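# Structural overview for review
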Amino acid sequence: MDSFGLIFEDMAVRDLRVFAEALDGKLYHYRDSSGLECDTVLHRRNGTYGLIEVKLGGEKLINDGADALNTLANTIDTTKMKKPSFKMVLTAVGPYAYQRPDGIFVVPIGCLKD
């Protein structure tokens, strides 16, 4: 990942922390022993949670983020914990948010306030 991507991810996580607190939640980073990771997991006090990947944008990066989210979601043992309430790829640019056919939300960071 290039330097700008790392800077954007740090700033996006900072913004997500503010929104998570407003939703009575906290953010966590996830990485397991096999190397599977998720940039942020938004966990709410009521037990619901969402998986979020942060990407600069562009179709390839959005698809990479979506693939990572689906891979992680498919490893969750739903007999022991709930499935994610949502999966989202947070991007740097874009005029609007949308939901992909696989259910993943693609959200430009500027749309979070809405």
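The text that follows walks through the structure, step by step, so that each part is easy to find. (Residues numbered from 1 in each chain as written. Predicted model: local features only at pLDDT ≥ 70, side-chain atom pairs only at ≥ 80, totals over all residues. Heavy atoms only, no water.)

### Looking at the nonpolar core
With 14 residues, the main nonpolar core has Cys-38, Leu-51 and Leu-69 as its most contacted residues. Within the residue set of this core, elements represented by two or more residues are strand 2 (37-44), strand 3 (49-55) and helix 2 (59-75). Examining the composition of this core, we find that five residues originate from one element, helix 2, more than from any other. Those residues within four positions of Leu-69 in sequence are excluded, and the remaining contacts are Cys-38, Leu-51, Ile-52, Glu-53, Lys-87, Met-88, Val-89 and Ile-104. Membership of the second largest hydrophobic core comes to 13 residues, among which are Val-13, Leu-42, Val-107 and Cys-111. (Core = buried A, V, L, I, M, F, W, Y, C linked by side-chain atoms within 4.5 Å. Buried < 20%, exposed > 50% of the residue type's maximum accessible area, 1.4 Å probe, protein only. Helix = DSSP H or I, 4+ residues; strand = E, 2+ residues; numbered from the N terminus. Contact = heavy atoms within 4.5 Å.)

### Some remarks on the pairing of strand 4 (residues 86-91)
Consecutive side chains of a regular strand alternate in pointing toward one face of the sheet and then the other. In terms of burial, strand 4 is largely enclosed, as five of its six residues are buried. Pairing between strand 3 and strand 4: six bridges, direction parallel. In the strand pairing of strand 4, Glu-53 is matched with Val-89. In this fold, strand 3 hands off to helix 2, which returns the chain to strand 4; that crossover is right-handed. As defined by bridge partners, strand 4 adjoins strand 6 (residues 105-108) across four bridges and the pair is classed as parallel. Residue pairing across strands places Val-89 opposite Val-106, the latter belonging to strand 6. (Pairing = 2+ DSSP bridges. Right-handed = clockwise from strand over helix to strand, strands pointing away.)

In short, shape yes, function no, at least from these values alone.
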